[in-house]
Amino acid sequence: MAKRTDWGLPHSAITPEEVYLNRRKFMQGTALLAATAVLPNPEYALKDAKLTKPELATSYNNFYEFSLEKGGVKPLAEKWKIPSPWKVEVTGLTDAKRSYTLEELVGLGGPLEERVYRFRCVEAWSMVVPWTGFPLYQLITKLKPKKEAKYVAFTSYANEKEMPNIKAQPHYPWPYTEGLRMDEAMHPLTLMATGLYGKPLPGQNGAPMRLVVPWKYGFKSIKSVVKIEFSAEQPKTLWNQLAPDEYGFYANVNPEVAHPRWSQASERVLDGKLFPTRIKTLKFNGYEKEVAGLYKDLDLKKNY
Ligand code: MTE
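Rules and cut-offs
- Residues numbered from 1 in each chain as written.
- Predicted model: local features only at pLDDT ≥ 70, side-chain atom pairs only at ≥ 80, totals over all residues.
- Heavy atoms only, no water.
- Helix = DSSP H or I, 4+ residues; strand = E, 2+ residues; numbered from the N terminus.
- Buried < 20%, exposed > 50% of the residue type's maximum accessible area, 1.4 Å probe, protein only.
- Polar contact = N/O pair within 3.5 Å; in protein donor to acceptor, adjacent residues only side chain to side chain.
- Contact = heavy atoms within 4.5 Å.
- Pairing = 2+ DSSP bridges.
- Axes fitted to C-alpha atoms, helices over the stretch in contact; angles between N-to-C directions.
- Phe/Tyr/Trp six-rings, centres within 6.5 Å; stacked < 30°, edge-to-face > 60°.
- Salt bridge = Lys/Arg side-chain N within 4 Å of Asp/Glu carboxyl O.
- Core = buried A, V, L, I, M, F, W, Y, C linked by side-chain atoms within 4.5 Å.
- Near = heavy atom within 4 Å.
- Areas by Shrake-Rupley, 256 points an atom, 1.4 Å probe, with all protein chains shown as cover.
- Nonpolar A, V, L, I, M, F, W, Y, C, P; charged D, E, K, R; others polar.
- Arc of directions from axis to C-beta.

**Student:** Honestly, the side chain of Arg115 in this entry has me stumped. Any pointers?
**Tutor:** With respect to the helices, strands and loops of the structure, Arg115 is situated in strand β3 (residues 113–120). Accessibility expressed as a relative area gives 3% for Arg115, which makes it buried. A polar contact is formed between the side chain of Arg115 and the backbone oxygen of Pro188, at a distance of 2.8 Å. Among residues more than four places away in sequence, those in contact with Arg115 are Asn41, Tyr44, Val129, Pro130, Trp131, Pro135, Pro188, Leu189 and Leu191.

In C-alpha cells form, the structure reads like this:
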C-alpha cells in the first residue's frame, strides 16, 4: 500500500493566533499536502468544554459495516487496509463530475484546520473532540454545483470482503448513505474531516475522510466517503430507509423531540466512568445561535 500523506498533524510551535491570521497564506497550494502543521482555528476552540480522552473516542464507535458492537469496531478496522489511492466520485448536478483522489479533494477544499466540536449520538451519548479537516463549503464552491442542485448526497465505502458486518446484515440498504440540504452543506460549521486529535483519522472513525455535522445526530456524519452527489431531490439515506419513524432526514439534535426508543432530553458524557456524567442536551447540540436560522420555516417536530 502506498504511504499515506499525513492529513491530521500535530500543532506547530507558532501560536495559534499568529498562524490563524496568516493561515491562508501559510497553508495554500501543495504545502498542505506536504507534512506541514495543521493549526487549531481559535473560532472553534470550545475552550470551556472538556476534551474526550482519545482512547475512548477511538474505541467506542459506531461503524456498522464492521460490527454492531461499539467495542468490536476498532479491532476489525485496525486490520482494514485502507485503499490507497483513495478515490471519491463527484457526480450529479455539476460540470466537475469525475473521480478525484483524496489529495485532490483536500487541495480543493483546504486549507486544513483543527476544530473542537461537540458530537452527540442519537443513542444519547456525547463526546468533545478535535477534528482536522476543511469546511465543506470550500470544496463545494470549487465544484460549482448547478443552481438546480438543492441537496448533497454522500456514500460510504462498502466492501463486504473487508467489512464483515455488511454480509451479516443483509437487510440494511448498503452502502451507508447520508445527505444534507445544500444550505446545510454550505454552512461554515459543516466539516470534511481527515484527522482526529492531530493524527490522520483512524479506520474506526471513518478514515480517510468523513463528514462532521456537529448540530445533527452523529449518524448524519457519514464515514469513509467515496461519493459526493449533487441532486435536485432529497436523497435517500440508509437509516431513513431502514426505520423512517426513528431516523428523519434532518436529525437535528433536539431535546424536545424524543426518539421512539430514547429520550433526547439529556446525554451521557463519554468519560469512561462506571456511572457516566449526565448533562442536559442543548438544542442543535449547542450550535443554536449559528444554525437555528436554517430552520426558521420548518416544523422541527415533524421534520425530526
Ligand atoms: N458512517 C458509516 N459509514 N457507517 C456507520 O455505521 N455510524 C454513524 C456515523 N457515521 C456510521 C457512520 C453513527 S450512528 C455515529 S454516532 C457516528 O458515525 C459515530 O462516529 P465515531 O465512531 O467517530 O464516534
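**Student:** I keep staring at the sheet that holds strand β6 (residues 177–181) and nothing clicks. Help me out?
**Tutor:** Within a sheet, neighbouring strands are paired by backbone hydrogen bonds and run either parallel or antiparallel to one another. Taken in spatial order, the 5 strands line up as β2-β1-β10-β5-β6 in an open sheet, and their pairing is mixed. Where the open sheet ends on each side, the last strands, each with one partner, are β2 (98–101) and β6. The sheet shows a mean angle of 20 degrees between the axes of neighbouring strands, taken without regard to direction. Strand direction decides the pairing type here: strand β1 (residues 87–92) and strand β10 (residues 225–231), joined by 4 bridges, are parallel. In the strand pairing of β10, Glu89 is matched with Lys227. Against the sheet, helix α4 (residues 102–109) touches β1 and β2, its axis set at about 85 degrees to β2. Along the sheet face, helix α5 (residues 136–143) touches β1, β2, β5 (151–156) and β10 and points at about 60 degrees away from the line of β10.

**Student:** Honestly, α5 in this entry has me stumped. Any pointers?
**Tutor:** Structurally, the α-helix is built with 3.6 residues per turn, so residues lying three or four positions apart point the same way. Of the residues making up α5, those classed as buried are Leu136, Gln138, Leu139, Ile140 and Leu143. The positive-phi residue at the C-terminal boundary of α5 is Lys144, with phi of around 45 degrees.

**Student:** Even after reading the chapter, I still don't get the packing of aromatic side chains, so can you show me in this structure?
**Tutor:** Overall, the coordinates contain 20 aromatic pairs when judged by the stated rule. Ring geometry for Phe219 and Tyr247: centres 5.2 Å apart, planes at 80 degrees, overall edge-to-face. Of this pair, Phe219 sits in the loop between β9 (210–212) and β10 while Tyr247 sits in the loop between α8 (238–242) and β11 (266–269), placing them 28 residues apart in sequence. Judged by relative accessible area, which is 7%, Tyr247 ranks as buried.

**Student:** It is not clear to me how the pattern of salt bridges should be interpreted in this structure. Could you clarify?
**Tutor:** When the charged atoms of two side chains lie near each other, side chains of opposite charge can form a pair. Considering all chains together, one arrives at 14 salt bridges under this definition. Note that Lys167 is salt-bridged to Glu160, the shortest N-O span being 3.7 Å. Across the pair Lys302 and Asp299 runs a salt bridge whose closest N-O atoms are separated by 3.9 Å.

**Student:** In this structure, what is going on with the nonpolar core? I would like to understand it.
**Tutor:** Nonpolar side chains in soluble globular proteins tend to end up buried together. Counting 80 residues, the largest nonpolar core has Trp131, Phe154, Met192, Trp215, Ile228 and Phe230 as its most contacted members. Per element, the largest residue contribution to this core is 5 residues, and it comes from strand β4 (residues 125–135). If sequence neighbours within four positions are ignored, Met192 has contacts with Thr132, Gly133, Phe134, Leu136, Phe154, Met209, Arg210, Leu211, Val225 and Ile228.

**Student:** I tried to follow the environment of Asp245 on my own but got confused; where do I start?
**Tutor:** Position of Asp245 among the secondary structure elements: in the loop between α8 and β11. For Asp245, a relative accessible area of 51% puts it in the exposed group. Sequence-wise, Asp245 and Pro260 are 15 residues apart; in three dimensions their C-alpha atoms are separated by 7.9 Å. The residues touching Asp245, leaving out its near neighbours within four places in the chain, are Pro260 and Tyr304.

**Student:** Can you help me understand the pairing of β11 in this one?
**Tutor:** A regular strand carries its side chains on alternate faces of the sheet. Bridge analysis of β4 against β11 gives 2 bridges, and the strand direction is parallel. Bridging from a neighbouring strand, Trp125 pairs with Arg268 of β11. Sheet analysis places β11 next to strand β12 (residues 278–280), joined by 3 bridges and oriented antiparallel. Across the sheet, Ser266 pairs through a bridge with Lys280, a residue of β12.

**Student:** Mind showing me how you'd approach the site of the ligand here?
**Tutor:** As a matter of local geometry, the ligand sits amid 18 residues, with Tyr64, Glu65, Ser156, Asn205 and Lys223 nearest to it. Within the side chain of Asn205, a nitrogen or oxygen atom sits 2.9 Å from an oxygen atom of the ligand. Within the side chain of Arg210, a nitrogen or oxygen atom sits 3.0 Å from an oxygen atom of the ligand. When isolated, the ligand has an accessible area of 530 Å², and the protein chains bury 99% of it. Its residues placed into classes, the shell around the ligand shows 9 nonpolar, 6 polar and 3 charged.

**Student:** In this structure, what is going on with helix α3 (residues 70–79)? I would like to understand it.
**Tutor:** Taken together, the buried positions of α3 are occupied by Lys70, Val73 and Ala77. The buried residues of α3 all sit within an arc of 30 degrees when viewed along its axis, so they share a single face. Of the exposed residues in α3, the ones pointing more than 90 degrees away from its buried face are Gly71, Glu78 and Lys79. Looking at the buried side of α3, the elements it contacts are β4.

By themselves, these are just geometric observations and shouldn't be taken as functional.
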